[in-house]
Structures are given as C-alpha cells and as structure tokens.
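The chain contents come next:
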Amino acid sequence: MIQPTGVALIGSGSASPDSIITNHHLAEMVDTDDEWIKTRTGIAQRHVAGPELGLRHLAAQAGERAIAAANLTSEDIDLIILATSSPDDLFGSAAQVQAELGASRAAAFDITAACSGFIVGLITASQFIRTGVYKNILLVGADLLSRWTDWEDRRTCILFGDGAGAVVLQASETDNLLGFDLHSDGSMNGCLTLGYEPEGQTLYGETQVSKGQYNPINMNGREVYRFAVKRVPQVIGQALAKAGLTVDDIDWLLLHQANQRIIDAAADRLKIPREKTLSNLAQYGNTSAASIPLALDEAVRAGKVKPGDTIAASGFGAGLTWGSAIFRWGHR
Ligand code: UT7
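Predicted model only: the values in this text are computed from it and were never measured.

With respect to the element layout, Thr-41 can be found in helix 2 (residues 34-41). Residues Thr-41 and Lys-304, spaced 263 residues apart in sequence, show a C-alpha to C-alpha distance of 24 Å. Aside from chain neighbours lying at most four places away, what touches Thr-41 is Ile-158, Leu-159, Asn-259, Gln-260 and Leu-281. Of note is the side chain of Thr-41, whose polar atom sits 3.0 Å from the backbone nitrogen of Ile-43.

This paragraph deals with the site of the ligand. With respect to spatial proximity, 23 residues lie near the ligand, and among them Thr-32, Arg-222, His-256, Asn-259 and Asn-286 are the closest. With respect to the ligand, the side chain of Arg-261 contributes an N or O atom lying 3.4 Å from an oxygen atom. Asn-286 has a polar side-chain atom sitting 2.6 Å from an oxygen atom of the ligand. Relative to its unbound accessible surface of 960 Å², the ligand loses 78% to contact with the protein. Listing elements by their share of the shell around the ligand, those giving two or more residues are helix 2, helix 6 (154-157), helix 7 (221-243) and helix 8 (260-270). A total of 4 residues in the shell around the ligand trace back to one element, the largest contributor, which is helix 7. The residue makeup of the shell around the ligand, split by class, is 11 nonpolar, 6 polar and 6 charged. Here the shell around the ligand spans two domains, since at least three of its residues come from each of domain 1 (6-177) and domain 2 (178-188 + 216-278 + 292-328).

Right, let's talk about the sheet that holds strand 7 (residues 162-172) for a bit. Strand order in the open sheet made by the 5 strands is 1-7-6-4-5, with mixed pairing throughout. Strands with a single pairing partner mark the edges of an open sheet, and in this sheet they are strand 1 (6-15) and strand 5 (107-111). In this sheet, neighbouring strand axes are inclined to one another by 20° on average, regardless of whether the strands run parallel or antiparallel. Bridge count for strand 1 against strand 7 is 9 bridges, and the pairing is antiparallel.

Attention now goes to the sheet that holds strand 16 (residues 310-317). Taken in spatial order, the 4 strands make up an open sheet running 8-17-16-15, and their pairing is mixed. Edge strands, defined here as strands with exactly one partner in the open sheet, are strand 8 (177-184) and strand 15 (252-255). Looking at each pair of strands side by side, their axes are set apart by 10° on average, direction ignored. Pairing of strand 16 with strand 17 (residues 321-328) involves 8 bridges; the strand directions are antiparallel. Of the residues in strand 17, the one forming a bridge with Ser-314 is Ser-324. Of the strands in this sheet, strand 15 and strand 16 are in contact with helix 8, which crosses strand 15 at around 140°.

With that settled, consider the nonpolar core. Judged by nonpolar contacts, the single largest core of 45 residues is most densely connected at Leu-192, Phe-227, Ile-236, Leu-253, Leu-255 and Phe-316. Those elements that provide at least two residues to this core are helix 7, strand 15, helix 8, strand 16 and strand 17. Sorting elements by how many residues they give to this core places helix 7 first, with 9 residues. There are two domains that each give this core at least three residues, and those are domain 1 (6-177) and domain 2 (178-188 + 216-278 + 292-328). Apart from residues no more than four positions distant in its own chain, Leu-255 is found in contact with Val-232, Ile-236, Ile-262, Ile-263, Ala-266, Ile-292 and Ser-314.

Considering all chains together, one arrives at 12 salt bridges under this definition. Across the salt bridge formed by Lys-242 and Asp-181, the nearest N and O atoms sit 2.9 Å from each other. Within this pair, whereas Lys-242 is found in helix 7, its partner Asp-181 is found in strand 8, the two being separated by 61 residues in sequence. What makes Lys-242 exposed here is its relative accessible area of 55%. By relative accessible area, which is 9% here, Asp-181 ends up buried. One network of salt bridges, in which partners are shared, links Arg-56, Asp-88 and Arg-147.

Going from Gly-319 to Leu-320, the amide bond is cis rather than trans, its omega being -10°. Secondary-structure assignment places Leu-320 in the loop between strand 16 and strand 17. Located in the positive-phi region is Asn-71, a residue other than glycine, with phi close to 60°. Checked against the element boundaries, Asn-71 lands in the loop between helix 3 (55-69) and strand 4 (79-83).

Here the focus is the packing of aromatic side chains. Scanning the model with the defined rule gives 5 aromatic pairs in all. Taken together, a centroid distance of 6.3 Å and an interplanar angle of 50° make the contact between Phe-109 and Phe-128 tilted. Here Phe-109, found in strand 5, pairs with Phe-128, found in helix 5 (residues 117-130); they are 19 residues apart in sequence, far enough to count as distant. For Phe-109, a relative accessible area of 29% corresponds to the partly exposed category. For Phe-128, a relative accessible area of 27% corresponds to the partly exposed category. An angle of 80° between the planes, with centres 5.4 Å apart, marks the rings of Phe-227 and Trp-322 as edge-to-face. Taken as a pair, Phe-227 in helix 7 and Trp-322 in strand 17 lie far apart in primary sequence, 95 residues in all.

Parameters and conventions
Residues numbered from 1 in each chain as written. Predicted model: local features only at pLDDT ≥ 70, side-chain atom pairs only at ≥ 80, totals over all residues. Heavy atoms only, no water. Helix = DSSP H or I, 4+ residues; strand = E, 2+ residues; numbered from the N terminus. Contact = heavy atoms within 4.5 Å. Polar contact = N/O pair within 3.5 Å; in protein donor to acceptor, adjacent residues only side chain to side chain. Near = heavy atom within 4 Å. Areas by Shrake-Rupley, 256 points an atom, 1.4 Å probe, with all protein chains shown as cover. Nonpolar A, V, L, I, M, F, W, Y, C, P; charged D, E, K, R; others polar. Domains from an automatic or database assignment. Pairing = 2+ DSSP bridges. Axes fitted to C-alpha atoms, helices over the stretch in contact; angles between N-to-C directions. Core = buried A, V, L, I, M, F, W, Y, C linked by side-chain atoms within 4.5 Å. Buried < 20%, exposed > 50% of the residue type's maximum accessible area, 1.4 Å probe, protein only. Salt bridge = Lys/Arg side-chain N within 4 Å of Asp/Glu carboxyl O. Phe/Tyr/Trp six-rings, centres within 6.5 Å; stacked < 30°, edge-to-face > 60°.

Take a look at the structure:
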C-alpha cells in the first residue's frame, strides 16, 4: 500500500556556461554603462551559452551534481521535472535530460512557468512524494534566455544570463516543505512576454495555418518591478502563515535573482536583515528558472546554508506568476 510521506531536499547542483559578458562588454554593444547597470540592478556580468551548448547539457550537468550530492545514482531517480522556458525542443527537454543522465527508470516532463518555474516545480514534485507515489525526484531549473534576448534592446539585454540549478527531493519521515503559496494574474501577461507572432500561410482555398515566429523577450520593467516589490513580501507572508511560522524563523531569504533592489526592498518590507538574503546576481544576472537553485547550490557548497536551516524562497515573473515555498534544507 502507498504510504503518504514527508519531503526532504537532500542535494543540490548547478552549472553555467564558461563564456562571460561583462557590463563593459555590453556598453560597447548598446547605449549603457557599468555604473547604470550596477546601481539599477546589482548585475556585473552574466554567463552565456554558445551554439554548441544545449539547454539539456547544462540541465544534465546540474542534475548530475545534485544526484551526486544526494549520494544517489541516476538509476535511483523516479521522476525528473525540468522547469524551463527555453527548451531545446518545444515538445519538452526533460526526456532529453533523462537520456543525458542515463536515468532510465525516471519519468520526465517539463514545467513552463518562467522565473516562477523552480517554485512551481518544487511544489509539484512534493505532491508526488507526499502521496507516496515517488521516492526520489530530480528537479532542475534551467534557462538559456540569451537565445531569446534582443541584444539591441538595452532595457532587457543587460538583465539576463544562462544557467542551471537542481535539487533532489526524497521521501522522508519529517516533512521539510513547511508551507507554500502560488498565484497567477494573466491579465498582466503583456508586461513580460516571449510571444509567438502568428503569420498566415494559405493551404488551400481560404484555409490558413499559422506559420509565425517567437519574438524576443519584451518587458515593461517598471510594471514588473512594482508588481514584484508588492507581491513577493505578500506571498512569503502567506506561505509563512500556512507553515505556522513568522519571519523570525527564517534563516535565509532566497528570492528569484532579478534585481538586487527587489531583493533589498522585499527584505526591508519583511523586516528581514540584509545579511540573511542570498544573492549571486552580480555574477550571473537573471537566469530565470535557474536562479533560485543556482543561488541555493552556491550557498550550500560555501557552507552558508546548513542542514536544518529554514529558507523562504520566492519566484516571480512572466505570466505573471508568483509563489513562495518555505522549506528546511537537508534531512533533519
Ligand atoms: O525575471 C522576471 C522578473 N523581472 C524583473 O523583476 C525585472 C523588474 N524590473 C527591473 O528590474 C527594472 O525595472 C529595470 C532594471 C529593468 C529597469 O530599471 P528602472 O529603474 O525601472 O529603470 P526605468 O525602466 O524606469 O528606466 C529609467 C531610465 C529611462 O530613461 P528615461 O526615460 O528616464 O530618460 C531608460 O530609458 O533609464 C533608461 N535605461 C537605461 N539607461 C542606461 C533603461 N535601460 C538602460 C540601460 N542603460 N541599460
């Protein structure tokens, strides 16, 4: 009989392309400068993937490291969830990652929720474990938004970078996903899009099909900024309430890495000291679905985040979507 169980996050991994674009490089490409980018966003550089590097390669690298950190092998993995908005294959890249990893027993599927993808994936994975269906799940957040960036648009090209981060979730006696909350507001969809633009192709008579193309990322930065600063503290408060916790119980605030000013504003509104915020924006920029697990993995490997620490994480972005998960790191 299937027994409902708790969820533990037991291993992390990450990967990023070697190639780096600094603010100074960008200043040679568009009308911007290092000072503007640093003071408005906190970003100093971002990693970008060349044509030889697939989303599946980077995702698999991060996944392999997370599986090793969890002291498992790829054969132990029951399910792979890949949160991405930039798959190598629009039909989904999770199965490609499964093949790269040789995780032959694992089912695999993609989740598309932009910068909220990792949080949505974490909550989705937890349901499969809580119901007792799966024991070991690999969750990867990976994006190569450099593919979809308009490198002539100074409002957006300064923000995004490529990367992948992963965690292994395992069935456990204690439940370390303490609380969560998810929201969407599709009426604000136009604020941040990577949209398909249809173009008619006549097949016969008046029958047409749509043969268009995806346009580069388009964002109303001010609107998304306002949305994030309002919604992120709110949703963390809601997830904390569901967990029966207060901000004083939080060891680390781990937000989607979009803008240092958003991280600082959310921390201030929640009255969480800035020393408790995790940030690697300066090195990576906004890596979309990868940003939370990438920052988490770095903090775990640096010995900052320790087993038993309570983390308040929040993702937000295109959709618009936003959500929060409060979890304890490790098996304890
Ligand atoms: O991951 C998904 C979630 N995404 C986000 O959370 C992004 C949220 N938005 C932001 O982080 C910020 O809105 C940005 C960093 C994108 C922009 O910062 P801002 O302080 O909101 O700047 P702004 O858009 O209000 O622009 C201020 C000025 C404008 O000039 P005018 O109209 O005041 O003359 C822009 O044209 O800065 C100008 N500007 C730039 N100047 C130099 C915009 N981009 C640049 C640039 N370099 N790269």
